[in-house]
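Listed below, chain by chain, are the residues.
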Amino acid sequence: MQSFSSLNYLAEYIIRITAVLILVPRIGFYGIVISYYASNVFGNCSRFVRIIRETGAKAALLRSLLMPAALAFSTMSLSELILSFTGLTEEKLPYIAVFTILWGAAYFLIFSALGKVKLFSKSEAVLFGDNAQQTMSRVL
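In this text the structure is predicted, and so the values were computed from the model without any measurement. (Residues numbered from 1 in each chain as written. Predicted model: local features only at pLDDT ≥ 70, side-chain atom pairs only at ≥ 80, totals over all residues. Heavy atoms only, no water.)

### Let's talk about the overall build of the chain
From N to C terminus, the chain includes 5 helices and 0 strands. In the chain, the succession of α and β elements from N to C terminus is α-α-α-α-α. Counting only residues that meet the buried cut, the chain has 15% of its 140 residues in that class. Contacts spanning at least 24 positions in sequence make up 52% of the contacts within the chain whose residues lie at least 6 apart. Roughly 11,100 Å² of accessible area belongs to the chain as shown, and the carbon and sulfur atoms make up 70% of that amount. (Helix = DSSP H or I, 4+ residues; strand = E, 2+ residues; numbered from the N terminus. Buried < 20%, exposed > 50% of the residue type's maximum accessible area, 1.4 Å probe, protein only. Contact = heavy atoms within 4.5 Å. Areas by Shrake-Rupley, 256 points an atom, 1.4 Å probe, with all protein chains shown as cover.)

### Some remarks on helix H4 (residues 93–113)
The first and last C-alpha atoms of H4 sit 30 Å apart over 21 residues, in line with the 30 Å expected at 1.5 Å per residue. Looking only at H4, the buried set comprises Tyr-95, Phe-99, Ala-106, Phe-111 and Ser-112. Gly-115 occupies a position one or two residues after H4 and carries a positive phi of about 85°. (Expected span 1.5 Å × (residues − 1).)

### Here we look at the packing of aromatic side chains
Counted under the stated rule, the structure contains 3 aromatic pairs. Aromatic side chains Trp-103 and Tyr-107 sit 5.8 Å apart centroid to centroid with 35° between the ring planes, which places their arrangement in the tilted category. With Trp-103 and Tyr-107 both in helix H4, this residue pair falls 4 residues apart, about one helical turn. On the accessibility criterion, Trp-103 (25% relative accessible area) is partly exposed. Overall, the relative accessible area of 23% leaves Tyr-107 in the partly exposed class. (Phe/Tyr/Trp six-rings, centres within 6.5 Å; stacked < 30°, edge-to-face > 60°.)

### Digging into the side chain of Glu-12
Tracing the chain through its elements places Glu-12 in helix H1 (residues 2–27). In this structure Glu-12 comes out as buried when scored by relative accessible area, which is 6%.

### Side note on helix H2 (residues 29–55)
Between its first and last C-alpha atoms H2 spans 39 Å; for 27 residues at 1.5 Å apiece the expected length is 39 Å, and the two agree. Listing the buried residues of H2 in full gives Gly-31, Ser-35, Ser-39, Gly-43 and Ser-46. Gly-56 lies just past H2 and shows a positive phi near 75°.

In structure tokens:
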């Protein structure tokens, strides 16, 4: 496992340094942003694949990746549509704040309606107590 982490970080650094060397002279600061984004996407995807392989879990591509991306796109578009009727321009801070609130609320409501977010669950104290009692009963 340690060798995977070391190799993964090495690959991330290579991607980051290469992107900085190529992109910064051409597009400036945005080259740094792209380099960090590219290395993070690569690292997270490789960790995701490794976790799926190690656990033997089935990757539900539609449920895990495509649906959240589609929901994010559609809720952002809906928020932009709503804000287009208010007369706020994109350069103003209230636009950014209202957009973020609208988008976050729509995204949260859709995920709640789909059952992806549980609003009410047992508290940590209850869960800890139940687990402790189950462990004690197994030991005794």
